[in-house]
Every structure is written in structure tokens, then in C-alpha cells.
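# A closer look at the structure
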Amino acid sequence: IHPEYGLIPPVKFIDILEKNGLILKLDYYMWEQACVILRKWKDAGITDLHLSVNISPKDFYFVDIYDAISKLADKYEVPHSLLKLEITETVVMSDFNRKLPVIQNLRNDGFIIEMDDFGSGYSSLNMLKDMPVDILKLDMLFLQKTTNIERVHIILRFLIDMAIHLNVSVIAEGVESKDQVEFLHGFGCNIFQGYHFSKPVGLEEFENLYKDIFK
């Protein structure tokens, strides 16, 4: 929140931080803050809420991701399954063989691996045969306006059905209407993310919205 420009969304500064290398510090800071929040909730007796954090491309080359995330979770005594790790398919498209063991080690250690923006790249299906992933997050582009909604529905039905047969959960991103919830639910998707439910909110506002949980 800038004193002059107000709320600055990540799309405005993430690219700058990636180009100058500061994304590494930001990522680590966010991983730790997530652990701090999860520990706070744990101390309040809340153990059924999780947080997802992003892993950016540069993290794989300049940070020992497995060591850093594992130590943070252990430092704050956070169950690994409550810290979900979002990795975009574009992150693992390059140097896949080098990144795969890191992801597999994290998953073996109890962390939940989410593939974010699934369907936005070029090798999604090819990677799925080897990629140790627990959750697919369908790219919100699938739900944007199109001239051929029937084709979109066929693709979404296929992707959701495939994930179910692979024993992988599906989260639909960018859900903005009840109609979208209903047809996605009809295809077998049961987890949704989008403005239909809530815009992004701060931690305090989130806890106030769901204050019954935090009693």
C-alpha cells in the first residue's frame, strides 16, 4: 500500500523484482509470513485452514527450495500439509529433469503441490505423466468470454474428468458467476476460486469475515 498511489497490485511489481533478482527475497518473506499465520491459527486451535504460496522460476536456481521451506515449516511447527506450494506449468517446462526431484522431495515430505495456471502452457499433458502434483488449478482463461462456449465446455469436462481419473483434485480459477459454478460442478469440479466468492482481502478482514471459525 503506497502512501501516494494506494494499493499497488502484484502485476505492477512482480516482473520488476524478477528482473533484478529481488523476487528471491520476496518469495522467502512470503513463505515465512505464511508459516507465521499458520502457526497463529494453530495456536488458536484452527487446523483445517491452509495457505498457498508461490515458487518462482528463479527460486529453483538460487535457493535450496526444499531446505528453505522445510526449515521454515519446522521452525514454526506448521504441519506440512497446510502449506501448499503453487508452481506454474511454465516454471517446470524448462529444465524439467532438474526441478522434478526437488518437487518430489517436497511432496514426499508432506507438502501439497499445486500446478497453477494449468492449460496456459504448451506441455501440460506431457508433464502430467511425470509431474508429482496433488492439485490442478485450471487457468482462468478458460472462463473468459469466447465465441465457442461449447468447445470450452468440452475441454473443461475432459480436463476435470482426466484429473479425477488421475486422483488429482481440481480448482477452477477466475470463477465470477453462479452459472460458472453450476456447470463446473456438473463436470465434477468441487473447489472454486474467484470474485463470485470474494475479492482478495487482507488477513484481518479475512479473519473477521470468518470470525465464527476464529472463536
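This structure is a prediction, so every number in the text was calculated from the model and none was measured.

### Notes on a nonpolar patch on the surface
Together, V201, L209, Y210 and I213 make up a nonpolar patch on the protein surface, roughly 340 Å² of accessible area in all. For V201, a relative accessible area of 33% corresponds to the partly exposed category.

### Topic: the packing of helix 8 (residues 149-165) against helix 9 (residues 178-187)
At a minimum axis separation of 9 Å, helix 8 and helix 9 run at an interaxial angle of 45 degrees. Comparing their axes, helix 9 and helix 8 come out oblique. When you trace helix 8 past helix 9, the crossing you get is right-handed. In this structure, helix 8 contributes H153, L156, R157, I160 and I164 to the contact, and helix 9 contributes F183, L184 and F187.

### Things to note about unusual backbone geometry
Residue E77 is not a glycine yet carries a positive backbone phi of 55 degrees. Note on placement: E77 falls in the loop between helix 4 (65-75) and strand 2 (83-88). Judged by relative accessible area, which is 47%, E77 ranks as partly exposed. Within the chain, N167 stands out as a residue other than glycine whose phi angle is a positive 60 degrees. For N167, a relative accessible area of 71% gives the class exposed.

### Thoughts on the environment of L184
Considering the arrangement of structural elements, one finds L184 in helix 9. On the basis of relative accessible area, L184 is assigned to the buried category, the value being 0%. Sequence-wise, L184 and S81 are 103 residues apart; in three dimensions their C-alpha atoms are separated by 26 Å. Setting aside anything within four residues of it in sequence, one finds L184 in contact with L143, L156, I160, A172, V175, C189 and F192.

### Here we look at the confidence of the model for the protein
Scored by pLDDT, the protein comes out at a mean of 88, with 96% of its residues at no less than 70. Per-element confidence in the protein is highest for helix 4, whose mean pLDDT is 97, and lowest for helix 7 (residues 124-128), whose mean pLDDT is 72.

About the cut-offs
Residues numbered from 1 in each chain as written. Predicted model: local features only at pLDDT ≥ 70, side-chain atom pairs only at ≥ 80, totals over all residues. Heavy atoms only, no water. Patch = residues over 30% accessible without salt bridge, like charges linked within 9 Å, V, L, I, M, F, W, Y side chains within 5 Å. Areas by Shrake-Rupley, 256 points an atom, 1.4 Å probe, with all protein chains shown as cover. Salt bridge = Lys/Arg side-chain N within 4 Å of Asp/Glu carboxyl O. Buried < 20%, exposed > 50% of the residue type's maximum accessible area, 1.4 Å probe, protein only. Axes fitted to C-alpha atoms, helices over the stretch in contact; angles between N-to-C directions. Helix = DSSP H or I, 4+ residues; strand = E, 2+ residues; numbered from the N terminus. Parallel < 35°, antiparallel > 145°, perpendicular 65-115°, else oblique. Left-handed = near helix turned anticlockwise from the far one by under 90°. Contact = heavy atoms within 4.5 Å. pLDDT = per-residue confidence, 0-100.

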